[in-house]
Amino acid sequence: MRTEIQFQRRGKTVKLASMSPTLTLLDYLRLTERATGTKEGCAEGDCGACTVVLRRLRGERLVYEPVNACILFAAQADGTEVISVEDLTRDDTLHPVQQAMVDQHGSQCGFCTPGFVRIPADRRCGAQRLLCACQRLVLDRGAGRAARLDGAEG
Ligand code: FES
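Residues numbered from 1 in each chain as written. Predicted model: local features only at pLDDT ≥ 70, side-chain atom pairs only at ≥ 80, totals over all residues.

Draft legend 1. Summary view of the overall build of the chain. Along its length, the chain carries 3 helices and 8 strands. For the chain, buried positions account for 30% of its 154 residues. Taking the intrachain contacts of the chain between residues at least 6 apart in sequence as the baseline, contacts between residues at least 24 apart amount to 54%. (Helix = DSSP H or I, 4+ residues; strand = E, 2+ residues; numbered from the N terminus. Buried ≥ 20, exposed ≤ 12 C-beta atoms within 10 Å, placed from the backbone. Contact = placed C-beta atoms within 7 Å.)

Rendered as structure tokens:
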């Protein structure tokens, strides 16, 4: 019987043994690892502020799956590589999506920003929509645009 879970994180193997079974991946990232770029917004899987990507094998294929870390138990990351918004930066150089957010003042309150950056930055992952609650914006990746929910110009 296994007594620990393992996942890859920033090139290292993370082993968690005596953890609470209800520890969320978000709490692990923020409270244990202090990787606070991933935010807690709604804490119930609706807003996307906590979006991270899990890289894992599905059969013969390596897939990138965006998940809401606030409602994912850390144990469910077993056998994956956990990729967060901090991991987009290379050698202190922002990812082009991050740089565009800075250049265009794209961050509003900032809570949804990790998800808004995380998903478009990784063309391999399959998330289709993210919601920015403060501005009521929806990033519709399938349509390649952001739209306001209330129909206002912006
Ligand atoms: S904080 Fe996880 S979806 Fe909102």
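On we go from here.
Draft legend 2. Structural view of the nonpolar core. Formed by 18 residues in total, the largest nonpolar core has its most connected members in Leu25, Leu26, Val52, Leu54, Ala69, Ala77 and Val82. Broken down by element, the residue count for this core peaks at 4 residues, all from helix H1 (residues 25–32). (Core = buried A, V, L, I, M, F, W, Y, C linked by C-beta atoms within 7 Å.)

Draft legend 3. Spatial organisation of H1. Restricting attention to buried positions, one finds in H1 the residues Leu25, Leu26, Tyr28, Leu29 and Arg30. Packed against the buried residues of H1 are strand S3 (51–58) and strand S5 (81–83). Arg34 lies just past H1 and shows a positive phi near 60°.

Draft legend 4. View of unusual backbone geometry. Positioned with a positive phi, Arg34 is a non-glycine residue whose angle comes to about 60°. Tracing the chain through its elements places Arg34 in the loop between H1 and S3. Classification of Arg34 by C-beta neighbours within 10 Å gives exposed; the count is 7. In this structure, Ala43 is a non-glycine residue whose phi angle is positive, near 60°. Mapped onto the elements, Ala43 comes out in the loop between H1 and S3. Accessibility expressed as a C-beta count within 10 Å gives 14 for Ala43, which makes it partly exposed.

Draft legend 5. Summary view of the confidence of the model for the chain. Looking at the chain, the pLDDT average stands at 80 and 71% of residues meet or exceed 70. Ranking the helices and strands of the chain by mean pLDDT puts H1 first, with 97, and strand S8 (residues 145–148) last, with 57. (pLDDT = per-residue confidence, 0-100.)

Draft legend 6. Geometry of the pairing of strand S4 (residues 61–68). Two elements, S3 and S4, share 8 bridges in a ladder whose sense is antiparallel. In the sheet register, Leu54 faces S4, and the bridge partner there is Glu65. In textbook terms, the turn of a hairpin is the stretch between consecutive antiparallel strands, and for S3 and S4 this stretch comprises 2 residues, one of which, Gly59, has a positive phi near 65°. (Pairing = 2+ DSSP bridges.)

Draft legend 7. Layout of the pairing of strand S2 (residues 12–16). A small share of S2 lies buried, amounting to 0 of its 5 residues. As judged from the 5 bridges shared by strand S1 (residues 5–9) and S2, these two strands associate in the antiparallel manner. For Phe7, the partnering residue across the bridge sits in S2 and is Val14. Connecting the antiparallel pair S1 and S2 is a turn made up of 2 residues, with Arg10 showing a positive phi of about 50°.

Draft legend 8. Quick peek at the environment of Gln6. Inspection of the secondary structure assignment puts Gln6 in strand S1. Between the alpha carbons of Gln6 and Thr80 there is a distance of 7.9 Å; along the sequence they are 74 residues apart. Among residues more than four places away in sequence, those in contact with Gln6 are Thr13, Val14, Lys15 and Asp78.

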